[in-house]
Amino acid sequence: MTDRPRLSIGLPVYNGEEYLAESFDALIGQTYEDFELVVSDNASTDGTEDVCRRYAAKDPRIRYLRLPRNIGATPNHNLVLAESRGELFKWASHDDLYGRDLLRRCVEALDERPEMILAHTGQAVIDGEGRVKVPYEYTLATDSPHAPERFRSLLFEPGGDDFYGVMRTDVLRRVKPMDSYHHADRTYVAEITLHGRFHQVPELLYFRRDHPNRAERANPSKRSRCVNLDPRRAGPLHPTPRLLAEYVWGFASAIRRAPLSPADRRACFRHLAAWMTSRARPGAGERVEDRAPVDPDRLAVSVDSLVAGREGRRT
């Protein structure tokens, strides 16, 4: 690994022992190797620390940080970004899987397209055993040269896990750090796309795992999800109406901060007003794994054949 890797991967984790080794294997087995993996352990109480230290001892690209207390998922995500050194950055999850060419294909896409600020690949949702539940066709207009159209698409169209794409770090440094209100990740990605276009690599290389202990499943209410994102959200000062109001205000603030022309800024505010009026169509913005399952046989691909290190690499 070079003194300053080209790509930084930030992996925040809390009690991720069950799937963490598989995710580590999928990341360190990538065909693109010029990266650092910054792991921030949010004071886990299970075997997460042991898994992290075991992998860090084997691979010098892994930098393991253990926090003395649980600061919440959102501050931990912001921390791994702050600790990163690469000109490119990607968040990774402790329970997801990654095709062995995911990093290489995304980095190549950004190198070939300097006007793009984020690259991601095709995705599918898998269950706890790694079986495909929901293949997903990306339909968002995030590659449009027009910022208002990209913003409109992110408001009204469902799905899209661009948060886990490979991004230009300098752009991330210019946007407001992610917050912890309801759907704060959506407003965060919306602000990013106001800075530039996204590219979707037409290959299925990202597998998001859905399981009972996933944060959204374990915290079904808006309040509990936000408290999981940041413990400071607990208590009477952060009722659900405030969390929803902050969500809407997050979009408005993103428009105000973004480097837009006056005409584009007005167009974005019109799209936001239309979205608020209609409350979006049913299902807009939902996670793809929350949809009805489909027959995995429809997906002519083997997860095992795409994910690096699935055989003989667990520790």
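For the structure itself, look to the data block above.
Fair warning: this is a prediction, and the values are worked out from it, not measured in the lab. (Residues numbered from 1 in each chain as written. Predicted model: local features only at pLDDT ≥ 70, side-chain atom pairs only at ≥ 80, totals over all residues. Heavy atoms only, no water.)

A.B. asks: Tell me about the overall build of the protein chain, and please be specific about residues and values.
C.D. replies: Along the backbone of the protein chain there are twelve helices and nine strands. Out of the 315 residues belonging to the protein chain, those deemed buried represent 55%. Within the protein chain, contacts between residues separated by at least 24 positions form 78% of all contacts whose residues are at least 6 apart in sequence. Accessible area of the protein chain: about 13900 Å², with a carbon and sulfur share of 51%. (Helix = DSSP H or I, 4+ residues; strand = E, 2+ residues; numbered from the N terminus. Buried < 20%, exposed > 50% of the residue type's maximum accessible area, 1.4 Å probe, protein only. Contact = heavy atoms within 4.5 Å. Areas by Shrake-Rupley, 256 points an atom, 1.4 Å probe, with all protein chains shown as cover.)

A.B. asks: How would you explain the packing of aromatic side chains if you had to name every residue and give the values?
C.D. replies: Under the definition given, this model contains twelve aromatic pairs. The interplanar angle of 25° and the centroid separation of 6.0 Å between the aromatic rings of Tyr98 and Tyr206 together place this pair among those described as stacked. You can see Tyr98 sitting in strand E5 (residues 97–98) and its partner Tyr206 sitting in strand E9 (residues 197–209), a full 108 residues away along the chain. A single burial state applies to Tyr98 and to Tyr206, both of which are buried. An angle of 85° between the planes, with centres 6.0 Å apart, marks the rings of Phe151 and Phe251 as edge-to-face. A residue pair is termed long-range when its members are at least 10 positions apart, and Phe151 in helix H5 (residues 147–156) and Phe251 in helix H10 (residues 240–257) qualify at 100 residues. (Phe/Tyr/Trp six-rings, centres within 6.5 Å; stacked < 30°, edge-to-face > 60°.)

A.B. asks: I'd like a description of the pairing of E9, backed by residues and values.
C.D. replies: One ladder, built from two bridges, connects E5 with E9; its direction is antiparallel. If you follow Tyr98 over to E9, its bridge partner there is Tyr206. Pairing of strand E6 (residues 116–126) with E9, which is carried by ten bridges, proceeds in the parallel orientation. Following the sheet pairing, Gln123 is matched in E9 by Tyr206. (Pairing = 2+ DSSP bridges.)

A.B. asks: Describe the pattern of salt bridges, naming the residues involved and giving the relevant values.
C.D. replies: Within this structure, the stated rule accounts for 25 salt bridges. Its salt-bridge partner being Glu246, residue Arg233 comes within 2.6 Å of it at the nearest N-O pair. Placement of the pair is Arg233 in the loop between helix H9 (222–229) and H10 and Glu246 in helix H10, with a sequence separation of 13 residues. Judged by relative accessible area, which is 19%, Glu246 ranks as buried. Counted as one network, the salt bridges with shared partners bring together Asp101, Arg104, Arg105, Glu108 and Glu203. (Salt bridge = Lys/Arg side-chain N within 4 Å of Asp/Glu carboxyl O.)

A.B. asks: How would you sum up unusual backbone geometry? Please name residues and give values.
C.D. replies: With a phi angle near 50°, Asn15 is a residue other than glycine that sits in the positive phi range. Tracing the backbone shows Asn15 in the loop between strand E1 (7–13) and helix H1 (17–28). With relative accessibility at 29%, the residue Asn15 sits in the partly exposed group. One non-glycine residue with positive phi stands out, namely His183, at about 60°. Within the fold, His183 resides in the loop between helix H6 (169–174) and helix H7 (184–193). Judged by relative accessible area, His183 falls into the partly exposed class, the value being 26%.

A.B. asks: I'd like to hear about the packing of H9 against H10, residue by residue, with values.
C.D. replies: Where H9 meets H10, the closest approach of the two axes is 9 Å, and the angle between their N-to-C directions is 70°. One element, H9, and the other, H10, form an angle in the roughly perpendicular class. Between H9 and H10 the crossing geometry is left-handed. For the pair H9 and H10, contact is made by Lys222, Arg223 and Cys226 and by Thr240, Leu243 and Leu244, respectively. Of the residues in the contact of H9 with H10, the class split is three nonpolar, one polar and two charged. (Axes fitted to C-alpha atoms, helices over the stretch in contact; angles between N-to-C directions. Parallel < 35°, antiparallel > 145°, perpendicular 65-115°, else oblique. Left-handed = near helix turned anticlockwise from the far one by under 90°. Nonpolar A, V, L, I, M, F, W, Y, C, P; charged D, E, K, R; others polar.)

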